[in-house]
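Structural description and commentary
Now for the letters of each chain:
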Amino acid sequence: MKKLLLIAGGFLLLAAAISGVWATLATNRQQTTQVIEADGSDWASGPALQYLTQQSELIITGRCLGTHSIWIGRELFTAATIEVGKTIKGDSSSRLTVNFPGGVDIERKVPVRMSYPDAPSIHTGENVLLFAKQTPDGYALTGFDGKFSIVNDRGQTMVSRDPARASLQGGTPRAVPL
């Protein structure tokens, strides 16, 4: 009888542990939807978006014209030249450079690649919404959440998280209307 109670108790503990793991995974996978209205005047009130807006000196939409790797101190960055389409916050010229963490230096005797887990990436020709801060070396993203891709989904302009980051997190890229 004691053996049966011990086995039943073990199964209950195992079931409780599995339920806890599932609940944690479900909570971590929830994503808040943040919508930016087409005229740019009404921002959703998500805490992450509020933080990005408050901490950023510059918020723009634009198109990446090209990228190259640069060293800033002992860290490697990808410098993206952005053709500014619309300035939402701050002052900007028609073109600016934004530094993304990580890059590849193929000019060395032994090529070097530096990457950061969950860091956003950018590609030539990509349309983006960027939240940035001024640094001594130009503009840098406001955290790893400071970059959204602007995509066209069946004729509607949408913003989406960096698809590379979404696949690392095991989810699918989410797009919301712009």
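Residues numbered from 1 in each chain as written. Predicted model: local features only at pLDDT ≥ 70, side-chain atom pairs only at ≥ 80, totals over all residues. Heavy atoms only, no water.

**Concerning the overall build of the protein chain**
- Within the protein chain one finds three helices and ten strands.
- Along the chain direction, N to C, the helices and strands of the protein chain fall in the order α-α-β-β-β-β-β-β-β-β-β-α-β.
- Here the protein chain, with 178 residues, has 30% of them falling under the buried criterion.
- Counting only contacts in the protein chain whose residues sit at least 6 apart along the sequence, the fraction spanning at least 24 positions is 50%.
- Accessible surface, the protein chain as shown: approximately 11,300 Å² in total, 57% of it carbon and sulfur. (Helix = DSSP H or I, 4+ residues; strand = E, 2+ residues; numbered from the N terminus. Buried < 20%, exposed > 50% of the residue type's maximum accessible area, 1.4 Å probe, protein only. Contact = heavy atoms within 4.5 Å. Areas by Shrake-Rupley, 256 points an atom, 1.4 Å probe, with all protein chains shown as cover.)

**What about the pattern of salt bridges?**
- Per the counting criterion, the structure on display carries two salt bridges.
- Between Arg108 and Asp105 there is a salt bridge, and its shortest N-O distance comes to 3.1 Å.
- For Arg108, a relative accessible area of 42% gives the class partly exposed.
- Among the residues examined, Asp105 registers a relative accessible area of 12% and is labelled buried.
- Note that Lys147 and Glu126 form a salt bridge whose closest N and O atoms lie 2.7 Å from each other. Here Lys147 is found in strand β8 (residues 147-153), whereas its partner Glu126 is found in the loop between β5 (112-114) and β6 (127-135), with 21 residues between them in sequence. Take Lys147 and Glu126: they sit in the same class, and that class is buried. (Salt bridge = Lys/Arg side-chain N within 4 Å of Asp/Glu carboxyl O.)

Purely geometric stuff here, so don't read any function into it on its own.
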